[in-house]
Amino acid sequence: AMALIGLYIVGVGVYYRLPAPLLLRMGANLLADFAVGSVPVLGDWFDATFKANARNVTLMETFFQANPHHMAQARIRKDRETGFPVIDVSAEPVR
């Protein structure tokens, strides 16, 4: 289930046409989380500490802060109550 959420986050990056190196890094984070996360015991510890989805949202936030022309088109924020990332996909993609 978490891998699907991770794919969704990477998919949002594709939708907003993030640079390929950034998308590859996000994909590598997701792949590492899936591969190591499937190992008994070690995978549980890795899942609890690595947090690929949070890393990927942070990568996107950092990119959008450094590239405000992209940020004008996408709204990614952390929910005030839960701290979870909220991605508004109703915004128009960058052309």
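Everything discussed here concerns the structure shown above.
Here is what the cut-offs are and how they apply
Residues numbered from 1 in each chain as written. Predicted model: local features only at pLDDT ≥ 70, side-chain atom pairs only at ≥ 80, totals over all residues. Heavy atoms only, no water. Helix = DSSP H or I, 4+ residues; strand = E, 2+ residues; numbered from the N terminus. Buried < 20%, exposed > 50% of the residue type's maximum accessible area, 1.4 Å probe, protein only. Contact = heavy atoms within 4.5 Å. Areas by Shrake-Rupley, 256 points an atom, 1.4 Å probe, with all protein chains shown as cover. Axes fitted to C-alpha atoms, helices over the stretch in contact; angles between N-to-C directions. Parallel < 35°, antiparallel > 145°, perpendicular 65-115°, else oblique. Nonpolar A, V, L, I, M, F, W, Y, C, P; charged D, E, K, R; others polar. Patch = residues over 30% accessible without salt bridge, like charges linked within 9 Å, V, L, I, M, F, W, Y side chains within 5 Å. Salt bridge = Lys/Arg side-chain N within 4 Å of Asp/Glu carboxyl O.

**What about the overall build of the protein chain?**
Next up, step 1: Secondary structure assignment for the protein chain yields 5 helices and 2 strands.
Next up, step 2: In the protein chain, the succession of α and β elements from N to C terminus is α-α-α-α-α-β-β.
Next up, step 3: Expressed as a percentage of the 95 residues in the protein chain, the buried residues total 34%.
Next up, step 4: Taking contacts inside the protein chain between residues at least 6 apart in sequence as the whole, the part at least 24 apart equals 51%.
Next up, step 5: Carbon and sulfur atoms make up 65% of the accessible area of the protein chain, which amounts to about 6200 Å² in all.

**Some words on the packing of helix H2 (residues 20-37) against helix H3 (residues 42-50)**
Next up, step 1: Where H2 contacts H3, the two axes come as close as 8 Å, and the packing angle between them is 150 degrees. With respect to H3, the axis of H2 lies roughly antiparallel. Packed against H2, whose contacting residues are Asn29, Ala32, Asp33, Val36 and Gly37, the element H3 presents Leu42, Gly43, Phe46, Asp47 and Phe50 at the interface.
Next up, step 2: Class assignment for the residues of the contact of H2 with H3 results in 5 nonpolar, 3 polar and 2 charged.

**Quick notes on unusual backbone geometry**
Next up, step 1: Here the phi dihedral of arginine 17 falls at roughly 55 degrees; this positive angle occurs in a residue that is not glycine.
Next up, step 2: The topology assignment puts arginine 17 in the loop between helix H1 (2-15) and H2.
Next up, step 3: Positive phi is not limited to glycine here, since lysine 51 has a value of about 50 degrees.
Next up, step 4: Residue position: lysine 51 is located in the loop between H3 and helix H4 (52-66).

**Brief notes about a nonpolar patch on the surface**
Next up, step 1: Taken together, Val39, Leu42 and Trp45 make up a surface patch of nonpolar side chains, about 310 Å² in accessible area.
Next up, step 2: Turning to its location among the elements, valine 39 is positioned in the loop between H2 and H3.

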